[in-house]
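Chain by chain, the residues:
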Amino acid sequence: MTEQELLRRESLQKLRELGIDPYPAPLFDVTATAADITHHYEEIVLEDGSKNRLNYQDIAIAGRIMAAREAGKAMFLNLQDASGRIQLYARRDDFLNAETGEAPIFDHLIKKLLDLGDYVGVRGYAFKTKTGEISVHVREFIMLSKSLRPLPVVKKDAEGNVFDAFSDPELRYRMRYVDLTVNTQYRDIFIKRSRMIKTIRAYLDDLGLLEVETPILQPIHGGAAARPFKTHHNTLDMPLFLRIANELYLKRLIVAGFDGVYEIGKMFRNEGMDRTHNPEFSMLEFYVAYKDYFWLMDVTEQMLERVARALHADGLATAQIGDHTIQFAGPYRRLTIYDAIKEYSGFDAENADEAALFAYCKQEHIEVDKTMGMAKLLDEIFSAKAEKHLIQPTFLMDHPVEMSPLTKKHRSKPGLVERFELYINGKEVANAYSELNDPIDQRERFEEQLRLAERGEEEAMAMDEDFLRALEYGMPPTAGIGFGIDRLAMMFTNQSSIQEVLFFPQMRPEV
RNA sequence: GAUCUCGUAGCUCAGUCGGUAGAGCACUUGACUUUUAAUCAAGGAGUCAUGGGUUCGAGUCCCAUCGAGAUCACCA
């Protein structure tokens with residue numbers, strides 16, 4: 001243990017010797033918060049110059065001690081609660097025992113045995129100090145929980161310059177409780193994330209969709225192209241996978257007769273980690289019967305506009321991402337893959353055959369190999385040439401059928417499917433399509449995936465006979481979409497790393 | 001997975017050419033009854049990520065390992 005930790009344990013022992021429980025059981029009835037008081041405190045100055053304090057004259061407030069300044073037989077403390085910080089003022093005279101002339105609570109508890117980071121409860125009244133700071137004059141001081149480790153002390157001057165910020169990302173992510181205690185600005189990211197999800201939920205509820213939960217432990221991992229986490233059920237003695245997607249289960253519910261369902265939940269993909277990928281991440285998926293992908297575009301525009309307004313301080317439908325101001329009010333640009341490539345590279349991919357696509361990639365130094373088919377080549381060209389330009393929300397539509405095994409064939413364009421991806425700030429945030437509901441076509445697509453798997457494609461989808469059986473009973477025409485919740489949160493909070501929008505990003509174990 | 005950068009006190013960092021481990025905040029003791037990055041005086045605090053090597057001598061140079069970040073690749 002460090003010197004400071006030992007001292008805190010000594011303080012703990014001394015508190016007990018004084019008969020003060022450092023971890024008391026009874027509730028502490030909080031009646032005011034730091035923000036309440038600082039925003040609503042009122043006083044008037046009377047004709048004789050004295051002040052008449054109008055409110056917060058008998059309050060109870062609780063929180064963590066974040067700073068202490070001794071001033072002789074008085075003391076100033078900064079108390080931090082969930083709403084913010086407020087100054088406490090304690091005066092020795094207020095704790096004097098008239099008979100003994102001693103003030104043990106002040107001399108021992110407040111002045112000596114109190115450490116930064118301790119949780120305390122205070123009863124007293126609000127007032128303004130000489131320098132005009134709204135503060136709480138302490139009448140009663142109660143230890144609520146002793147802190148045994150020193151917090152990083154982050155200081156700010158009057159201009160807002162920060163000193164000694166707790167800034168090491170490794171320590172911040174590993175000890176998020178410390179991070180959010182001392183770097184309270186990061187709380188806003190998570191508050192916004194929560195409000196974003198709440199707004200989405202409200203929007204989908206208003207649309208009349210039913211919120212559902214589907215299995216996370218799945219015997220067959222389907223619905224996406226990704227490597228899964230594998231686990232084992234002891235009683236059943238069978239392997240199970242953590243879901244990489246919930247799509248096939250949500251469609252079963254459409255078969256079952258629900259007109260519209262949505263689920264917000266965690267997905268798990270056993271792949272690389274970087275600043276936009278965490279092994280577990282949150283997805284929103286929703287499926288609505290009798291709709292198509294054009295309808296989903298309209299709904300997406302409305303939903304994101306509503307989210308943007310809910311998160312913007314002035315209710316505007318915009319968000320600042322780096323240097324870009326993103327406009328979330330629709331309509332968004334709608335661009336086919338061919339048009340996107342043509343626009344940003346000048347290359348006419350629509351009228352090129354596979355050999356021509358391959359030759360173009362070589363010419364432009366786009367990394368390709370002989371195993372890639374037309375669809376993959378198109379995707380490579382798009383990624384290299386067009387993706388980064390799609391800053392304002394853009395629906396990239398009409399993908400090749402090979403890359404979309406669960407998507408309905410395009411109503412008029414052979415070889416393509418009715419699919420779109422939403423790009424914002426050069427990154428994909430949603431993937432949507434008119435769902436394939438032809439069970440025979442679906443079986444053929446699965447069989448094609450099996451052939452890919454035999455060729456060594458690790459991420460090919462597995463055949464799901466129960467899903468096919470469900471489709472054979474009949475699924476209405478349906479539109480479905482999935483959103484990466486974490487990536488949306490990154491955009492709406494202007495963060496470039498997924499770790500900043502996850503409370504506990506995955507880390508390698510500490511030594 | 002590849003490359004680069006980083007790891008020194010609780011926190012943020014300095015550490016020159018290889019020659020006894022430094023600062024600010026935090027902490028301890030003392031002073032101060034309206035301070036606020038409080039101030040003033042004194043003091044304590046380190047397995048320099050881990051392991052090896054070179055050297056008379058390594059925080060510093062070399063190798064390996066662990067952890068983190070960035071870029072790229074892979075992946076949606």
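Everything quoted here is computed from the prediction, not taken from an experiment.

### Examining the overall build of chain A
Along chain A, the regular secondary structure elements total 14 helices and 22 strands. Against the 2.2 N^0.38 benchmark of 24 Å for 511 residues, chain A shows a C-alpha radius of gyration of 30 Å, more extended than a compact globule. Within chain A, residue pairs in contact and separated by at least 24 positions form 63% of the contacts whose partners lie at least 6 positions apart. Counting only carbon and sulfur atoms, one obtains 50% of the accessible surface of chain A, whose full area is about 26100 Å². When the 63 basic and 82 acidic side-chain charges of chain A are each reduced to a single mean position, those positions are 4 Å apart.

### Remarks on helix 1 (residues 3-17)
Helical periodicity: at 3.6 residues per turn, an α-helix aligns residues three or four positions apart in one direction. With 15 residues, helix 1 should reach 21 Å at 1.5 Å per residue; the first-to-last C-alpha distance of 21 Å fits that figure. By the burial criterion, the buried members of helix 1 are Glu5, Arg8, Ser11, Leu12 and Leu15. Projected down its long axis, helix 1 shows its buried positions confined to an angular sector of 115°, all on one face. When the buried face of helix 1 is taken as reference, the exposed residues oriented beyond 90 degrees from it are Glu3 and Glu17. Elements in contact with the buried residues of helix 1: helix 3 (104-113) and strand 7 (134-145). Gly19 sits one or two positions beyond helix 1 and adopts a positive phi of about 80°.

### Focus on the layout of surface pockets
In this structure, the second largest pocket occupies an estimated 680 Å³ of space. Lining the second largest pocket are 33 residues, with Gln80, Arg85, Val154, Lys155 and Lys156 sitting closest to its centre. Broken down by secondary-structure element, the contributors of at least two residues to the lining of the second largest pocket are strand 3 (59-71), strand 4 (74-81), strand 5 (84-91), strand 8 (155-156) and helix 5 (176-182). Residue composition of the lining of the second largest pocket, by class: 15 nonpolar, 10 polar and 8 charged.

### With respect to the sheet that holds strand 5
Within a beta sheet, neighbouring strands are joined by backbone hydrogen bonds and run either parallel or antiparallel to one another. Reading around the circumference, 3-4-5-7-6 is the order of the 5 strands in this closed barrel, with mixed pairing throughout. Across the sheet, the axes of successive neighbouring strands diverge by a mean angle of 50°, strand direction being ignored. Pairing analysis gives 7 bridges linking strand 3 to strand 4, with the strands arranged antiparallel. Paired with Ile65 across the bridge in strand 4 is Leu79. Its contacts with the sheet place helix 3 against strand 3, strand 4, strand 5 and strand 7, and it is angled at close to 55° to strand 4.

### Observations concerning the pattern of salt bridges
All told, the structure shown has 38 salt bridges when counted by the stated rule. The residue Glu170 makes a salt bridge to Arg174 at a minimum N-O spacing of 3.1 Å. Of this pair, Glu170 and Arg174 both sit in helix 4 (residues 169-174), separated by 4 residues, roughly a single helical turn. Residue Glu170 is classed as partly exposed on the basis of its relative accessible area, which comes to 41%. Close ionic contact of Lys376 with Glu380 constitutes a salt bridge, the shortest N to O distance being 3.7 Å. A residue pair is termed a helical-turn pair when its members lie 3 or 4 positions apart in one helix, as Lys376 and Glu380 do in helix 11 (residues 374-385) at 4 residues. Salt bridges sharing common partners tie together Arg172, Arg176, Asp179 and Glu500.

### Brief notes about the packing of helix 6 (residues 187-206) against helix 8 (residues 293-311)
Relative to each other, helix 6 and helix 8 sit at 140°, their axes nearing to 9 Å. Considered as vectors, helix 6 and helix 8 are oriented oblique to each other. For the pair helix 6 and helix 8, the sense of crossing is right-handed. Across the interface between the two elements, Lys192, Arg195, Met196, Thr199, Ile200, Ala202, Tyr203, Leu204 and Asp206 of helix 6 pack against Val299, Gln302, Met303, Arg306, Val307, Ala310 and Leu311 of helix 8. Grouping the constituent residues of the contact of helix 6 with helix 8 by class yields 10 nonpolar, 2 polar and 4 charged.

### Points about the protein's contact with RNA strand B
Of all residues adjacent to RNA strand B, which total 53 residues, the nearest are Asp93, Thr131, Ala225, Arg269 and Glu428. At a separation of 2.2 Å, a sugar or linking oxygen of RNA strand B approaches a polar side-chain atom of Glu170. Breaking the surface near RNA strand B down by element, the ones donating at least two residues are helix 1, strand 3, strand 4, strand 5, strand 8, helix 4 and strand 20 (419-424). The greatest single-element share of the surface near RNA strand B, amounting to 4 residues, is contributed by helix 4. Across the surface near RNA strand B, the residue classes break down as 20 nonpolar, 9 polar and 24 charged.

### Details of the environment of Thr2
Along the chain, Thr2 falls in the segment before helix 1. Spatially, the C-alpha atom of Thr2 lies 9.1 Å from that of Arg149, the residues being 147 residues apart in sequence.

### Remarks on a nonpolar patch on the surface
Nonpolar side chains collect at one region of the surface, where Ile44, Leu46 and Leu54 lie side by side and expose about 240 Å² of accessible area between them. On the secondary structure map, Leu46 appears in the loop between strand 1 (43-45) and strand 2 (51-53). Taking relative accessible area as the criterion, Leu46 reaches 36% and is therefore assigned partly exposed.

### Points about the packing of aromatic side chains
In the structure shown here, the tally under the stated rule is 14 aromatic pairs. Ring geometry for Phe190 and Phe503: centres 4.0 Å apart, planes at 15°, overall stacked. Here Phe190, found in helix 6, pairs with Phe503, found in the segment after helix 14 (485-492); they are 313 residues apart in sequence, far enough to count as distant. On the basis of relative accessible area, Phe503 is assigned to the partly exposed category, the value being 41%. Residues Phe503 and Phe504 carry aromatic rings whose centres are separated by 6.1 Å and whose planes lie at 40° to one another, so their mutual orientation is tilted. With relative accessibility at 61%, the residue Phe504 sits in the exposed group. Through a chain of ring-to-ring contacts, three or more aromatic side chains come together here, namely Phe76, Tyr89, Tyr125 and Phe127. Seen from the ring of Tyr186, Arg172 lies directly overhead, with NZ or CZ sitting 3.9 Å from the centre. Over the ring of Tyr249 we find Arg252; its NZ or CZ atom is 4.6 Å from the centre of that ring.

The rules behind the values
Residues numbered from 1 in each chain as written. Chains lettered and ligands numbered in written order. Predicted model: local features only at pLDDT ≥ 70, side-chain atom pairs only at ≥ 80, totals over all residues. Heavy atoms only, no water. Helix = DSSP H or I, 4+ residues; strand = E, 2+ residues; numbered from the N terminus. Rg over C-alpha atoms; globule rule 2.2 N^0.38 Å. Contact = heavy atoms within 4.5 Å. Areas by Shrake-Rupley, 256 points an atom, 1.4 Å probe, with all protein chains shown as cover. Lys, Arg positive; Asp, Glu negative; His and termini not counted. Charge placed at Lys NZ, Arg CZ, Asp CG, Glu CD. Expected span 1.5 Å × (residues − 1). Buried < 20%, exposed > 50% of the residue type's maximum accessible area, 1.4 Å probe, protein only. Arc of directions from axis to C-beta. 1 Å grid on protein atoms, 1.4 Å probe; cavity = no way out; pocket = protein on both sides within 12 Å on 5 of 7 lines; lining within 4 Å. Points joined across faces, edges and corners; volume = space filled by probe spheres on them. Nonpolar A, V, L, I, M, F, W, Y, C, P; charged D, E, K, R; others polar. Pairing = 2+ DSSP bridges. Axes fitted to C-alpha atoms, helices over the stretch in contact; angles between N-to-C directions. Salt bridge = Lys/Arg side-chain N within 4 Å of Asp/Glu carboxyl O. Parallel < 35°, antiparallel > 145°, perpendicular 65-115°, else oblique. Left-handed = near helix turned anticlockwise from the far one by under 90°. Near = heavy atom within 4 Å. Polar contact = N/O pair within 3.5 Å; in protein donor to acceptor, adjacent residues only side chain to side chain. Patch = residues over 30% accessible without salt bridge, like charges linked within 9 Å, V, L, I, M, F, W, Y side chains within 5 Å. Phe/Tyr/Trp six-rings, centres within 6.5 Å; stacked < 30°, edge-to-face > 60°. Lys NZ or Arg CZ within 6 Å of the ring centre and 35° of its normal.

From the geometry alone we can't say anything about function, so treat these as descriptive.
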